[in-house]
Amino acid sequence: MGRMLAWLDERFHVIKPHRRFLQRRIPDGLNYAYCFGGLAFTFFLVLAGTGLLLSIYYIPSEKEAYRSIVMINETVLFGWLIRSLHKWAASFFIVSIILHTIRVFATRSYRPPRELNWMVGSLTFLVAMASAFTGYLLPWDQRAYWATEVGTAMIQTIPFAGDALMLAVRGSNEVSGATLIRFYSIHVLFLPLCMGLLLWMHFHMIKRQGIAKRL
Ligand code: HEM
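What counts and how
Residues numbered from 1 in each chain as written. Predicted model: local features only at pLDDT ≥ 70, side-chain atom pairs only at ≥ 80, totals over all residues. Heavy atoms only, no water. Helix = DSSP H or I, 4+ residues; strand = E, 2+ residues; numbered from the N terminus. Buried < 20%, exposed > 50% of the residue type's maximum accessible area, 1.4 Å probe, protein only. Contact = heavy atoms within 4.5 Å. Areas by Shrake-Rupley, 256 points an atom, 1.4 Å probe, with all protein chains shown as cover. Lys, Arg positive; Asp, Glu negative; His and termini not counted. Charge placed at Lys NZ, Arg CZ, Asp CG, Glu CD. Axes fitted to C-alpha atoms, helices over the stretch in contact; angles between N-to-C directions. Parallel < 35°, antiparallel > 145°, perpendicular 65-115°, else oblique. Nonpolar A, V, L, I, M, F, W, Y, C, P; charged D, E, K, R; others polar. Core = buried A, V, L, I, M, F, W, Y, C linked by side-chain atoms within 4.5 Å. Patch = residues over 30% accessible without salt bridge, like charges linked within 9 Å, V, L, I, M, F, W, Y side chains within 5 Å. Salt bridge = Lys/Arg side-chain N within 4 Å of Asp/Glu carboxyl O. Left-handed = near helix turned anticlockwise from the far one by under 90°.

1. Remarks on the overall build of the protein
Here's step 1: Counting secondary structure elements, the protein contains nine helices and zero strands.
Here's step 2: Ordered by position from N to C terminus, the α and β elements of the protein give α-α-α-α-α-α-α-α-α.
Here's step 3: With 215 residues in all, the protein has 31% of them scored as buried.
Here's step 4: Of the contacts formed within the protein by residues at least 6 apart in sequence, a portion of 67% connects residues at least 24 apart.
Here's step 5: Accessible surface computed for the protein: about 14,700 Å², of which carbon and sulfur atoms make up 69%.
Here's step 6: Averaging the locations of the 22 positively and 11 negatively charged side chains of the protein gives two centres separated by 17 Å.

Written as structure tokens, this is what we have:
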């Protein structure tokens, strides 16, 4: 096994650069609170993996969505497990991001030169919230429908552009099949791509700047 890895790496050359990337100096006196960022990233990976698997059976259509969820729960091998993992990872993802933000705030690590990374981090939080909101509609049951009806109705209260914005989000006057497809596309394509890009920026800056010294 070791020789095969060595043979592969001679051609592929990833082990050394990765070691240089992952094994870095960190300041003295860090504690477990510094793990929340990595924990959030771990949940993000679980979400991506289980989400990919769910997309094999989930059908984003007005007529089929609910039935496909019932099928995932009852017929698909380990479907219930993959779906539960996706739901739980989503909750823990949000909690980890919040704890991570509190850690960064409490250690005042947002100060220069890390202010841009704080802003990029804030955007990841918005993307995470939007992912939770769009994902909530996908089971297409009563709870999902009415939560989205109420959530999107709030957009209407925005002065001047409220009506037009609500129509753009829903794709029709009421929450409908058009909303479902829209939310599905945003949930599985737009937002994960945005998150990937933002996390790349986040990690790139952490790599360049290192972890801030303890106060
Ligand atoms: C998906 C969400 C996020 C992930 C996966 C993530 C991941 C990470 C990781 C792995 C670190 C290294 C240190 C640590 O783990 O504590 C870090 C540092 C940092 N994060 Fe995040 N983060 C996220 C969201 C946020 C948010 C919402 C903010 C602020 C609004 C933020 C601001 C920062 C800053 C300023 C640092 C540098 C801290 C230092 O040098 O001590 N991050 N992030």
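Next comes the rest of the description.
2. Digging into the packing of helix H7 (residues 142-153) against helix H8 (residues 162-170)
Here's step 1: As a packed pair, H7 and H8 sit with axes 10 Å apart at the nearest point and diverge in direction by 150°. Relative to H8, H7 is oriented roughly antiparallel. Contact residues: Glu149, Thr152 and Ala153 in H7; Met166, Val169 and Arg170 in H8.
Here's step 2: Grouping the amino acids of the contact of H7 with H8 by side-chain chemistry returns three nonpolar, one polar and two charged.

3. Notes on the nonpolar core
Here's step 1: Counting 16 residues, the largest nonpolar core has Phe44, Phe93, Ile97, Val127, Ala128 and Met195 as its most contacted members.
Here's step 2: When contributions to this core are tallied by element, the ones reaching two or more residues are helix H3 (36-57), helix H5 (79-106), helix H6 (115-137) and helix H9 (177-209).
Here's step 3: If one sorts the elements of this core by residue count, H9 sits on top with five residues.
Here's step 4: Discounting residues that sit within four places of it in the chain, Val127 has contacts with Leu191, Cys194, Met195 and Leu198.
Here's step 5: In this structure, Ala65, Ile82, Leu138 and Trp140 belong to the second largest nonpolar core, which totals 13 residues.

4. A few points about a nonpolar patch on the surface
Here's step 1: Taken together, the side chains of Val46, Leu77, Phe78, Trp80, Leu81 and Leu85 make up a nonpolar region of the molecular surface, amounting to roughly 590 Å² of accessible area.
Here's step 2: In terms of residues, the nonpolar patch owes the most to one element, H5, which gives three residues.
Here's step 3: One can find Phe78 in the loop between helix H4 (65-74) and H5.

5. Remarks on the pattern of salt bridges
Here's step 1: With the rule as written, the count across this model stands at three salt bridges.
Here's step 2: The partner of Glu10 in a salt bridge is Arg11, and the shortest N-O contact between them spans 3.7 Å. Here Glu10 and Arg11 have matching classes, each one exposed.
Here's step 3: Residue Arg67 is joined to Glu64 by a salt bridge in which the shortest nitrogen-to-oxygen separation is 2.5 Å.
Here's step 4: Classification of Arg67 by relative accessible area gives partly exposed; the value is 47%.
Here's step 5: Assessed through its relative accessible area of 26%, Glu64 is described here as partly exposed.

6. Here we look at the packing of H3 against H5
Here's step 1: Direction vectors running N to C along H3 and H5 enclose 155°, while the axes themselves pass 8 Å from each other. As far as their axial angle goes, H5 and H3 are roughly antiparallel. For the pair H3 and H5, the sense of crossing is left-handed. In this structure, H3 uses Phe36, Gly37, Leu39, Ala40, Phe43, Phe44, Val46, Leu47, Thr50, Gly51, Leu53 and Leu54 to contact H5, whose residues at the interface are Ile82, Arg83, Leu85, His86, Ala89, Ala90, Phe92, Phe93, Ser96, Ile97, Leu99 and His100.
Here's step 2: Along the lines of polarity and charge, the residues of the contact of H3 with H5 split into 17 nonpolar, six polar and one charged.

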